[in-house]
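As a plain string of letters, each chain reads:
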Amino acid sequence: MDTIERIKEQISENTILLYMKGSPKLPNCGFSSQASQALISCEEKFAYVDILQNPDIRAELPKYADWPTFPQLWVEGELVGGCDIIMEMFQQGELQTLVKEAAARNASADDSSAEA
């Protein structure tokens, strides 16, 4: 399976997916830390991919997503955005609604903070 196929599979198999540097418990950059903390605060299960452990994904995802930076949040197969958008949505209460509704529609499909 090539990298783009793997990315497509990860996005389709995980309702809420965060591509980040590090993990939610041990983020390796401030932006990834903020994004993962916002998601954790939504109190719904989400998956993540540590792009530092997956250099092929780190190289290919920005081209596939047409989004140059990390972290990247994907919900139900759609790119939500990066840290600034995630934090703005969180502060306005939009992220919580988006995440909770997506999780409710896809109950039992995902695993809590599991690596995809």
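Everything here concerns the structure above.
Let me begin by describing the structure that accompanies this report. (Residues numbered from 1 in each chain as written. Predicted model: local features only at pLDDT ≥ 70, side-chain atom pairs only at ≥ 80, totals over all residues. Heavy atoms only, no water.)

**Comments concerning the pattern of salt bridges**
Throughout the structure, instances matching the rule amount to four salt bridges. Lys100 is the salt-bridge partner of Glu44, the closest N and O atoms lying 3.7 Å from each other. Taken as a pair, Glu44 in the loop between α2 (30-41) and β2 (47-50) and Lys100 in helix α5 (residues 94-105) lie far apart in primary sequence, 56 residues in all. Taking the relative accessible area as the measure of exposure, Lys100 reaches 35% and is therefore partly exposed. Between Lys63 and Glu60 there is a salt bridge, and its shortest N-O distance comes to 3.4 Å. Of the two residues, Lys63 and Glu60 are both situated in helix α3 (residues 55-65); the distance of three residues between them amounts to about one turn of the helix. According to the relative accessible area criterion, Lys63 is exposed, its value standing at 60%. (Salt bridge = Lys/Arg side-chain N within 4 Å of Asp/Glu carboxyl O. Helix = DSSP H or I, 4+ residues; strand = E, 2+ residues; numbered from the N terminus. Buried < 20%, exposed > 50% of the residue type's maximum accessible area, 1.4 Å probe, protein only.)

**Topic: unusual backbone geometry**
For the bond running from Phe70 to Pro71, omega is 5°, close enough to zero to count as cis. Looking at the element boundaries, Pro71 is found in the loop between α3 and β3 (72-75). Located in the positive-phi region is Asp66, a residue other than glycine, with phi close to 55°. Residue position: Asp66 is located in the loop between α3 and β3. We classify Asp66 as exposed; its relative accessible area is 68%.

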